[in-house]
Amino acid sequence: MLSSKAPRTVTNRLLTIGAVLTLGTLSLTACGGSSTATSSTGDASSSEKVGVSLIVKTTSNPFFVSMQDGAKKAAETGGVDLKLAAGKADGDEETQIQAIENAISKGDKGILITPNGPSVVDALKKAKDAGLFVIALDTPPDPAEAADITFATDNFAAGELIGKWTAAQLNGKKATIALLDLFDDKVVSVDYNRDQGFLTGLGIDTADAKKNGDEAKTGKYTGGKGGEYEIVGSQATQGAEDGGRTAMETLLAKNPNVNVVYTINEPAAAGAFEALKSAGKEKDVLVVSVDGGCTGVDNVKSGVIGATAQQYPVKMAELGVKAIVDLAKTGEKPANSEGLDFFNTGVELVTDTPADGVKSITTSEASKICWGK
């Protein structure tokens, strides 16, 4: 989760594209991969390889498939015995716990994991007690100390970017907001950080920055030219396209005047757009999201999504594998980014409708560094 600290500007939290492309020997493109596999790569014999397990949330989302591909590429050059595992769906904690147990029993040097929820924390502690180095990717566990370090997007900053952009596009009009979140049955930092970051960027006071849904449902937003707002409601999507469609249908039935839709990720955004299109409202609504995959960038270009915050899963995985190899060979441990309780892997706002005062890149620029091709 984000640590308590003085407010930072979005500019200070963003990495430039140049930094994203030059930090380490990294590749920001990806191709398809298998869902669960064991891969032994490198020129050294198996006994000399560093055992690493990558445990992602699910392989139904190209974000996590790209993460696997990044880890495979790093393993090929790093002398790594890489094992891949994934939950059956976003939120499947039990499969992840079993994969952690397997990594311990196999004597791996480290674990890379995108945690599916709080239930995995005890298993991660067990792994650390057994001497494994635990790195969280994309989603910090709660508490953050359950992992030795997290390589992730600043998810609050990602949400804040799309919130600032939305406020500028509204140009003082009333915002009738639908929030399409991740879960309603568990608390995950990536969920509340993006949601609360979006509201903060829009200029809506959040009562508790670590809790979705406790902000005032009506009032004034102060971003852009400012104006009135109404929050129609929050619905869980499970980060999936069908979940996004159902959630959007539910909120449209509650208030058909929705004109702003925040979505946890681009699959949920695609589902929301389909629901809006079926209702004949796709031209009247601003849809914003977080991911920056190649499909999502294409959806920004075509107008399905107005703006998205691009993150870099391949980079997260490659940095994670390298960190475990370095630890095994030299004892050197990675450090958090200054002022944060995680290593910030960067974020950029992607839109073809730029807003004054909100730094962004075009879809043409984003297409060159997107993932999931």
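Residues numbered from 1 in each chain as written. Predicted model: local features only at pLDDT ≥ 70, side-chain atom pairs only at ≥ 80, totals over all residues. Heavy atoms only, no water.

(A) Spotlight on the overall build of the protein. Counting its regular elements, the protein contains 12 helices and 14 strands. The buried share of the protein, taken over its 373 residues, is 58%. A sequence separation of at least 24 residues applies to 71% of the contacts in the protein between residues at least 6 apart. Carbon and sulfur atoms form 49% of the exposed surface of the protein, whose accessible area is close to 14,500 Å². (Helix = DSSP H or I, 4+ residues; strand = E, 2+ residues; numbered from the N terminus. Buried < 20%, exposed > 50% of the residue type's maximum accessible area, 1.4 Å probe, protein only. Contact = heavy atoms within 4.5 Å. Areas by Shrake-Rupley, 256 points an atom, 1.4 Å probe, with all protein chains shown as cover.)

(B) Focus on the pairing of strand 2 (residues 50-56). With respect to burial, strand 2 is a largely interior element, seven of its seven residues being buried. Burial of the side chains of strand 2 extends over both faces: Val50, Val52, Leu54 and Val56 are buried on one face and Gly51, Ser53 and Ile55 on the other. Pairing of strand 2 with strand 3 (residues 80-86) involves seven bridges; the strand directions are parallel. For Val50, the partnering residue across the bridge sits in strand 3 and is Val80. For the segment spanning strand 2, helix 3 (residues 62-78) and strand 3, crossover handedness is right-handed. (Pairing = 2+ DSSP bridges. Right-handed = clockwise from strand over helix to strand, strands pointing away.)

(C) Structural view of empty space enclosed by the protein. Taken as a whole and assessed by the stated rule, the structure comprises three cavities of 30 Å³ or more. When its volume is computed, the largest cavity comes out at roughly 120 Å³. Along the wall of the largest cavity there are 13 residues; nearest its centre are Lys57, Phe64, Asp138, Arg194 and Asn265. Looking at the lining of the largest cavity, the elements that each hand over two or more residues are helix 3 and helix 7 (189-202). For the lining of the largest cavity, the class distribution of residues is five nonpolar, three polar and five charged. There is about 80 Å³ of room inside the second largest cavity. Every residue lining the second largest cavity is listed: Pro115, Gly117, Pro118, Val121, Thr139, Pro140, Pro141, Asp142, Val187, Val188, Ser189 and Tyr192. (1 Å grid on protein atoms, 1.4 Å probe; cavity = no way out; pocket = protein on both sides within 12 Å on 5 of 7 lines; lining within 4 Å. Points joined across faces, edges and corners; volume = space filled by probe spheres on them. Nonpolar A, V, L, I, M, F, W, Y, C, P; charged D, E, K, R; others polar.)

(D) Spotlight on the pattern of salt bridges. This model, assessed by the stated rule, comprises 12 salt bridges. A salt bridge links Lys220 to Glu228; the shortest N-O distance between them is 2.5 Å. Given a relative accessible area of 58%, Lys220 falls into the exposed group. Bridged by salt links that share partners, the residues Asp81, Lys83 and Asp108 form one connected network. (Salt bridge = Lys/Arg side-chain N within 4 Å of Asp/Glu carboxyl O.)

(E) Fine view of the packing of aromatic side chains. Evaluated as defined, the whole model comprises four aromatic pairs. Taken together, a centroid distance of 5.1 Å and an interplanar angle of 80 degrees make the contact between Phe63 and Phe64 edge-to-face. By relative accessible area, Phe63 is classed as buried at 2%. On the accessibility criterion, Phe64 (4% relative accessible area) is buried. With a centroid separation of 5.2 Å and 25 degrees between ring planes, the pair formed by Phe198 and Tyr262 is classed as stacked. Separated by 64 residues along the polypeptide, Phe198 in helix 7 and Tyr262 in strand 10 (residues 260-263) bring together distant segments of the chain. Of the two residues, Phe198 and Tyr262, neither departs from the other in class, the shared state being buried. What links up through ring pairs into an aromatic cluster is the set Phe63, Phe64 and Trp371. In this arrangement the basic side chain of Lys186 is found over the ring face of Phe183, its NZ or CZ atom lying 4.8 Å from the centre. (Phe/Tyr/Trp six-rings, centres within 6.5 Å; stacked < 30°, edge-to-face > 60°. Lys NZ or Arg CZ within 6 Å of the ring centre and 35° of its normal.)

(F) A look at the state of the cysteines. Considering all chains together, one arrives at one disulfide under this definition. Two residues, Cys294 and Cys370, share a disulfide whose sulfurs are 2.0 Å apart. Judged by the sign of its S-S torsion, about 95 degrees, the bond between Cys294 and Cys370 is right-handed. Separated by 76 residues along the polypeptide, Cys294 in helix 10 (residues 294-302) and Cys370 in the segment after helix 12 (363-367) bring together distant segments of the chain. In this structure Cys294 comes out as buried when scored by relative accessible area, which is 9%. Residue classification places Cys370 among the buried positions, given a relative accessible area of 2%. (Disulfide = S-S within 2.5 Å.)

(G) Main features of the side chain of Thr237. One can find Thr237 in the loop between strand 9 (227-236) and helix 8 (241-254). A polar contact is formed between the side chain of Thr237 and the backbone nitrogen of Gly239, at a distance of 3.0 Å. Once residues within four sequence positions are removed from consideration, Thr237 is found in contact with Leu180, Asp181, Leu182, Gly243, Gly244, Ala247, Ile264 and Ala268. (Polar contact = N/O pair within 3.5 Å; in protein donor to acceptor, adjacent residues only side chain to side chain.)

(H) Looking closely at the sheet that holds strand 11 (residues 286-291). With mixed pairing, the seven strands of this open sheet are ordered in space as 8-9-7-10-11-12-14. Pairing within the sheet leaves two strands with one partner each, and these edge strands are strand 8 (218-221) and strand 14 (348-350). Going from strand to strand, the sheet's axes swing by 25 degrees on average, the running direction of each strand aside. The pairing of strand 11 with strand 12 (residues 307-310) spans four bridges and is classified as parallel. (Axes fitted to C-alpha atoms, helices over the stretch in contact; angles between N-to-C directions.)

(I) Fine view of helix 7. A rise of 1.5 Å per residue sets the reference length of helix 7, with its 14 residues, at 20 Å; its end C-alpha atoms lie 20 Å apart and thus fit the reference within 8%. Among the 14 residues of helix 7, 13 are classified as buried, and the element is accordingly described as predominantly covered. Just downstream of helix 7, Gly203 is the residue with a positive phi angle, here 95 degrees. (Expected span 1.5 Å × (residues − 1).)

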